[in-house]
Amino acid sequence: MAAKPKLWYFRGRGRMESIRWLLAAAGVEFEEEVLETREQYEKSQKDGRLLFGQVPLVEIDGMELTQTRAILSSLATKYNLHGKDPKETVRIDMYAEGTLDLMMMVALAAFKPPEEKEESLALVVKKAKTQHFPVFEKILKDHGEDFLVGNKFSWADIQLLEAILMVEELDASVLSDFPLLKEFKTRISNIPTIKKFLQPGSQRKPPPDSHYVEVVRNVLQF
C-alpha cells in the first residue's frame, strides 16, 4: 500500500488549507506534520527540503512538493479533478486562481493590526459580492449545469465552495443575491467526501486565532 501523503505546515489554514480540501474531496487520507518551532523550520531548510525556503511542503509519491499553486495543480491532475482536455484545464485553473486570490486576502488579514484587519476583511466581503461571486453566478446560469467546468466535479468546484464558506464566516448573508451559488453550495457540500470533511473532528482547520498568528510569526520571524 502506498504511503499516505504527508503535509508539513502550521496548525492552521494558511496556504495549506486548499490542499487539505482537495485531498479530502478526492477521498485521500493524509497525515500532517505540524510546524511549531523555529528549529523544525531551520532543519527543513538545511536538509534542502524547502525548495525556496517556504512551506507548505507535501510529501507524495516519493517527491517533496513546494509552492501552493504547483501542489494544487499536481494533485488535481493526479486525482482526475483537472478537466478532460487543455481547454477544460485552463478554465479550471482560472476559476481556482480567482478564488485562491480571494482566500489569500482573508489569510493575510490575520497578520494585520486590528483596525487594518477589519478593513481588509470588509474589502474581502465587498470583492466577493461585486467581483468574484457575480462571475460564478453567471457561469452557472449560462451553462445550466451542476458543476463549473464540463459538468463534472473538479478542483474549481472544491475551491469555490471553500471560498464561499470562508466568506460566509465574515458575512453569513453574502449569498443572498446569488441563488445559483446557494444551490451550488448545498450540492457540493453534500458530495460524500466533502460532507465528511465538513464534519466536526475532520482535518479541516478553524479560522486563524492569535495563537496561530504568534506561532507563524515566531517560526518565520517576521
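Residues numbered from 1 in each chain as written. Predicted model: local features only at pLDDT ≥ 70, side-chain atom pairs only at ≥ 80, totals over all residues. Heavy atoms only, no water.

1. Some thoughts on the UniProt feature "domain: GST N-terminal" (unreviewed entry) in the chain
Part 1 of the argument: The positions that UniProt labels "domain: GST N-terminal" (unreviewed entry) are, in the present scheme, residues 3-83.
Part 2 of the argument: End-to-end, the C-alpha atoms of residues 3-83 are 26 Å apart, and along that stretch the chain is 36% helix and 20% strand. (UniProt positions renumbered as here; feature names shortened; annotations may be inferred. Helix = DSSP H or I, 4+ residues; strand = E, 2+ residues; numbered from the N terminus.)

2. Regarding a negative patch on the surface
Part 1 of the argument: On the surface, Glu115, Glu116, Glu118 and Glu119 cluster together into a patch of negative charge.
Part 2 of the argument: In this fold, Glu116 is placed in helix H5 (residues 114-143).
Part 3 of the argument: According to the relative accessible area criterion, Glu116 is partly exposed, its value standing at 43%. (Patch = residues over 30% accessible without salt bridge, like charges linked within 9 Å, V, L, I, M, F, W, Y side chains within 5 Å. Areas by Shrake-Rupley, 256 points an atom, 1.4 Å probe, with all protein chains shown as cover. Salt bridge = Lys/Arg side-chain N within 4 Å of Asp/Glu carboxyl O. Lys, Arg positive; Asp, Glu negative; His and termini not counted. Charge placed at Lys NZ, Arg CZ, Asp CG, Glu CD. Buried < 20%, exposed > 50% of the residue type's maximum accessible area, 1.4 Å probe, protein only.)

3. Some words on the packing of aromatic side chains
Part 1 of the argument: The final tally for this structure, using the stated rule, is seven aromatic pairs.
Part 2 of the argument: An angle of 70° between the planes, with centres 5.1 Å apart, marks the rings of Tyr9 and Phe10 as edge-to-face.
Part 3 of the argument: Ring geometry for Tyr95 against Phe136: centres 5.8 Å apart, planes inclined by 80°, an arrangement best described as edge-to-face. Residue Tyr95 is located in helix H4 (residues 86-109), and its partner Phe136 is located in helix H5; the two are separated by 41 residues in the primary sequence. For the pair Tyr95 and Phe136, one class covers both residues: buried.
Part 4 of the argument: Geometry around Trp8 places Arg49 over its ring, the cationic atom sitting 4.4 Å from the centre. (Phe/Tyr/Trp six-rings, centres within 6.5 Å; stacked < 30°, edge-to-face > 60°. Lys NZ or Arg CZ within 6 Å of the ring centre and 35° of its normal.)

4. Let's talk about unusual backbone geometry
Part 1 of the argument: In this model, Val55 is joined to Pro56 through a cis peptide bond whose omega is 15°.
Part 2 of the argument: Tracing the chain through its elements places Pro56 in the loop between helix H2 (38-46) and strand S3 (57-60).
Part 3 of the argument: In the Ramachandran plot, Asp61 falls in the positive-phi region, its phi being about 55° despite a non-glycine side chain.
Part 4 of the argument: Summarising the element assignment, Asp61 is placed in the loop between S3 and strand S4 (63-66).

5. Observations regarding the sheet that holds strand S2 (residues 31-34)
Part 1 of the argument: The strand order S2-S1-S3-S4 describes an open sheet built from four strands, whose pairing is mixed. Bordering the open sheet on either side are S2 and S4, each of which pairs with just one other strand. Across the sheet, the axes of successive neighbouring strands diverge by a mean angle of 20°, strand direction being ignored.
Part 2 of the argument: As judged from the four bridges shared by strand S1 (residues 6-9) and S2, these two strands associate in the parallel manner. Bridge pairing links Trp8 to Glu33 in S2.
Part 3 of the argument: Its contacts with the sheet place helix H3 (residues 68-78) against S3 and S4, and it is angled at close to 125° to S4. (Pairing = 2+ DSSP bridges. Axes fitted to C-alpha atoms, helices over the stretch in contact; angles between N-to-C directions. Contact = heavy atoms within 4.5 Å.)

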